[in-house]
Amino acid sequence: MTKPAKSKTPRRLPLKKTSNQKDPVGVYCRVRPLGREDEECCIEVISSSTIQLHAPEGFKVNRNGEYKETQYSFKKVFGVLVSQTELFESVAKPLVDDLIHGRNGLLFTYGVTGSGKTFTMTGSPGLGGLLPRSLDMLFNSIGPFQAKRYVFKSDDKNGIEVQNEVDALLERQRRENVCIPKTASSRQKVDPEIADMIKLAEACKADDVDEDSSYSVFVSYIEIYNNYIYDLLEENQEDAIRPKPPQSKILREDQNHNMYVAGCMEVEVKSAEEAFQVFWKGQKRRKVANTRLNRESSRSHSVFIIKLAQAPLDADGDGILQNQVAVSQLCLVDLAGSERTGRTGAEGTRIREAGNINQSLLTLRTCIEVLRENQMCGTNRMVPYRDSKVTHVFKNYFDGEGKVKMIVCVNPKADDYEETLLVMRFAEMTQEVEVARPMDRPICGFTPGRRNRNQAFKDELSRKLEERGGPIDRDVPSVLNLAMHSLPPIPTAEVTDAHDDITFPRLIEALQNRHRIRQTMLEDYNKAANTMTSLLQKLDSNINSKENYIHEQNGKLLEKDKIIQSNKAEIERLEKKTKMLEHKIDILQKTTKIYEDDKRSLQHELETGAQRLQRELSEKRRMEQRMQGAVTDTQHKWEKECERRVNAMQQQMQNKLWVKDEKLKQLKAIVTEGKTSGRPEPPPRQTQPKPPPPREERAPLPAKRSASPSPMTSTPVRPLHRRSRSAGGEKWVDHKPSSSLDLGTVLQPIIPNAIKVSAPNEKALSKCDRYVLTHQEVASDGEIQTQLIKGDVMKTRGGGQAVQFTDIETLKQQLTTIECRKRKSSEGDSGNQNGGSVADVEKRCAVAMEMKAGSTMGPGLEHHCITKRRKP
C-alpha cells in the first residue's frame, strides 16, 4: 500500500496593489452599559455610525472656555441595547462565510481594561459571544459534509495532508485505545459555565456551501504573555513535587511565507460543542488577575484559530482528491486592555505585565501608522512587525492574506475619558489602512452533484439488497448466462433445399434434448423450491412463535421503559440540581479565591506599612535622641560659658572693690596721721605689722611651689555650695583606670558602698545606680588635676545599662613658698603694712570647687586673682 503524498495549502498569487483590489479595515464600536445609573457618562451615540465624546466635569477645558466635544465615525456603532446576535450578524457572520468559501479572516477586540472585550468575544451562558456563534454557524453549514476523523491530518508545518480510509481507520483505532474519554461522555458532562451558550432559535448557517467537497475543522488556542507565546491546549505532565513551567513557542515561516506557531497543538473537532469544550479548556489556563479596575483582568493576548481544510470529491463522488486541499483560517483575538498602573494599583508582577501589554499595543499602533503612511504618502518604510509577537503573528493578514476587522469596546464612564480618547484616535487611524483583497479559490472542473448521485446509488443498492435478501440486480445476468451455457447448443437451422431431411430432424432432436434437460432442471428446481418452502414454513412458524415471545417481552419492556423514563426524569432533575450546585460552588470558590488574593495583598500592604511605620518611629526616636543630646550639649556648653563669664565678671568686680577699699584705708590712715601730727610722737615700739582683715569670700592664694611637696588644703570658694553627692548612701561603681597615679594627697575621694573596677562591665553596672570616673590630666600650669565625673545608671529598652553624666568635681594640688620681705624704714611702716596686706590679698584664690547640674558655677572652673601694681 503506497502512502499518499502530502498536499498543502497552495500559495496565493500576489495581487496587484490597485485601489479597486483593496478593502479598508472594518472598524466597529461597541458601547458598554454603565455600572451604576448615577455615574457620569462621557459618550453619546449620535447615529448608527457616529459617537460623540463629552469632557467630564473638572477636565481641562478648551481655550474658549467651553468643553471640547469630539465626534468619531465608524463603520457601525452598537449601543448599550444591542444584543450579541445583532453584533454577530453584522461583524462575524461574513467572516465565517468567507472561511467556508476558502478565504482567511482576522477579528480582534481592542479597548481599555474593563471595557467588555472578553464578554464580546466569549459571552456568558445564554448570551454567547462571537466565538461560540462562529463555531455554531460553521458546523451547521458543513456538518453533513465532514470527512471522517483523521482523514485530514496536520503535518506540523502549517499544512494539511490527506490519508486513505485504511490509514485513517488505523489512526482512529490507535487514538481511541490511547484516549479513553470520548466525545459522547464529554457531551454529557458539559461545564455549567458554558452550557446553553447559544439558543436553538438563534442558530444560523451559510448559503452556497459546496456539497461536492469534504471538510474538516482544526482548532488551536495560544496566548501571548509578556511577549512570549504559550500553547493553552498543550498537555503538560503534572508533577506535584517539581512542577514544570510551560514552554514558550516560536514563530516560523512556511514555504508559502505564511507565519505560524511551531509546535502548536491542533485539535480536530466534529461539532460546535466539542470545539467550544476545547476552547474552554484553554480559557481556564489563560493568565488573569484581579486589579483595582477589573476583578478578572486579562493579562495576556489570546488567539483562537479556526482552521478549515477542504478538498473536492473525485468523479465518482466517493473519494477525496489528495492534490487539491485548500486551507482557510479565521483568527479570533481578544487583546488585553491598555491600563495605567496608577489607576489599577499594580505592583510587582502586575507592573511588568502591564508594561508588556502597553508595549505590544504601542507596537500595533506603530505598525498601523507606518502602513497608513506608506499607503497615503507613497513611502516604502519598513513596518516593524517583528518588534512584538502580536504584530508578527498577524503579519500576513495586513499584507493581503485575508480580511481584517476590529471591534473597539469603550466604557462610557468619566474615569476612562483620557484612555478612551487614545483608543478613538487609534481607531480613526486604523480605518484609513487598506488591506489587499485575497484571490478566490480555483473552481474544480468536475460535474456538480457527485455526492448526491453517489449517495442515491448507495441507498438504492441497500434497498434492493434488503428486498431480495440475496444478490442485487447487477448479479442476475451472470446467473442466467450460467444456466444458458449448461444447455446443449442449438445446431444451425439454415435450409438451402426444399428436400432437405437432415436439418429439421437434427433441430427437432436438439430442441427435444434441451426440453428434456429443461424439464429435469424444472423438476430439480421444484423439488428445491418445495424443500425451501417447507423450510420457510418451519421458519415462519418459528418466527411466529418468536414474534409472540417478542411481543410479550416488548410488553414487559414497555413497562420497564416507563420505569426507566421516570428514573431518567428524576436523574435529569438531580443532574440539573447538581449542575446548579456545582456552578454555585465554582462561583463561591472563585469568589473565595478572589477574596483570599485580596486578603493576601492587603496583609502584605499592612505588613509593609507596619514595617515602614516602625522604621519611621525608630528613625524618629533616633532623631529625637540625637536632637536631645545636641540640645543638652549646647545647653551645657552655653551654661558653662555663661557661668565662666559671670564668674570672671564677679571676680573682676571684687578685685576692683578690694582695690577701692585699700585706697580708702590708705586715705583714712593719711587723714589720721594729719590730725595727730601736732601731738608728741610716742616712742617707737617693736610691733609686727597688722595684716588686713581677711575677706570672707576669698581664700589665700597658694605661694610658689617649693622643691618638696606639701599637703594641700581645700576650702570651698562658695560657702553655700552643696557637698558632693558621692557621700550619699547609693550603690556606686567606682571606675578608676589602671593608669591613674597616686599623688599622695591628704584629701582622697573615698566613696562608701562602692564597687571598684578598672574597666566598666554590664554586671557591675546592673548592681548599682550611680557611677563615678576618676580622670587625671595635666593643667595649664603643669600640675596634675583630678576630675571625678559622676553620673546615673539607667536601664535601656534592650535590657542593657546606660550612664547619663550629671556633674564633675575637680581636685587640684598646688605647692606654696614663703617670700622674703625686706624691712623698710619707719616712715614707710604704714605703707609696708598696707602693701603686705595687698600682697597677701592678691595671692588668695580658690583651690577647689564642685560643679553640679543646674549650679551657677562651671565644672572645674578655677579663679586666680590678677596681681595689680599700685601707682606710686
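Above this text you will find the structure in question.
Let me sum up the structure you'll find in this document. (Residues numbered from 1 in each chain as written. Predicted model: local features only at pLDDT ≥ 70, side-chain atom pairs only at ≥ 80, totals over all residues. Heavy atoms only, no water.)

### So, the sheet that holds strand β5 (residues 69-73)
Part 1 of the reasoning: What the three strands build is an open sheet, ordered β3-β4-β5; its pairing is antiparallel. The open sheet has two edge strands with one neighbour each: β3 (43-45) and β5. The sheet shows a mean angle of 25° between the axes of neighbouring strands, direction not considered. (Pairing = 2+ DSSP bridges. Helix = DSSP H or I, 4+ residues; strand = E, 2+ residues; numbered from the N terminus. Axes fitted to C-alpha atoms, helices over the stretch in contact; angles between N-to-C directions.)

### Here's the deal with the pairing of strand β12 (residues 213-225)
Moving residue by residue along a regular strand, the side chains alternate between the two faces of the sheet.
Part 1 of the reasoning: With respect to burial, β12 is a largely interior element, 13 of its 13 residues being buried.
Part 2 of the reasoning: Here β12 shows a buried face lined by Ser 213, Tyr 215, Val 217, Val 219, Tyr 221, Glu 223 and Tyr 225 and a second buried face lined by Ser 214, Ser 216, Phe 218, Ser 220, Ile 222 and Ile 224.
Part 3 of the reasoning: Two strands pair when backbone bridges link them, and β12 and strand β19 (residues 301-312) are joined in this way by 12 bridges, in the antiparallel orientation. If you follow Ser 214 over to β19, its bridge partner there is Ala 311.
Part 4 of the reasoning: Bridge analysis of β12 against strand β16 (residues 267-269) gives three bridges, and the strand direction is antiparallel. Bridge pairing in β16 places Phe 218 opposite Glu 268.
Part 5 of the reasoning: In this structure, β12 lies alongside strand β13 (residues 228-231), joined through four bridges in antiparallel fashion. (Buried < 20%, exposed > 50% of the residue type's maximum accessible area, 1.4 Å probe, protein only.)

### Regarding the pairing of strand β2 (residues 26-31)
Part 1 of the reasoning: Most of β2 sits out of view: six of its six residues are buried.
Part 2 of the reasoning: On β2, burial covers both faces: Gly 26, Tyr 28 and Arg 30 on one face and Val 27, Cys 29 and Val 31 on the other are all buried.
Part 3 of the reasoning: Relative to strand β21 (residues 403-410), β2 is paired through six bridges, and the arrangement is parallel. Across the sheet, residue Cys 29 finds its bridge partner in β21, namely Val 408.
Part 4 of the reasoning: In this sheet, strand β6 (residues 76-78) lies alongside β2 in parallel orientation, the contact comprising three bridges. Counted as the bridge partner of Cys 29 is Val 77 from β6.

### Details of the packing of helix α8 (residues 349-377) against helix α11 (residues 417-430)
Part 1 of the reasoning: Running from N to C, α8 and α11 point in directions that differ by 35°, and their axes come no closer than 10 Å. Considering only the axes of α8 and α11, their crossing is left-handed. Taking contact as the criterion, the partners of Leu 364, Arg 365, Ile 368, Glu 369 and Arg 372 in α8 are, on α11, Phe 426, Met 429 and Thr 430.
Part 2 of the reasoning: Within the contact of α8 with α11, the residues separate by chemical class into four nonpolar, one polar and three charged. (Left-handed = near helix turned anticlockwise from the far one by under 90°. Contact = heavy atoms within 4.5 Å. Nonpolar A, V, L, I, M, F, W, Y, C, P; charged D, E, K, R; others polar.)

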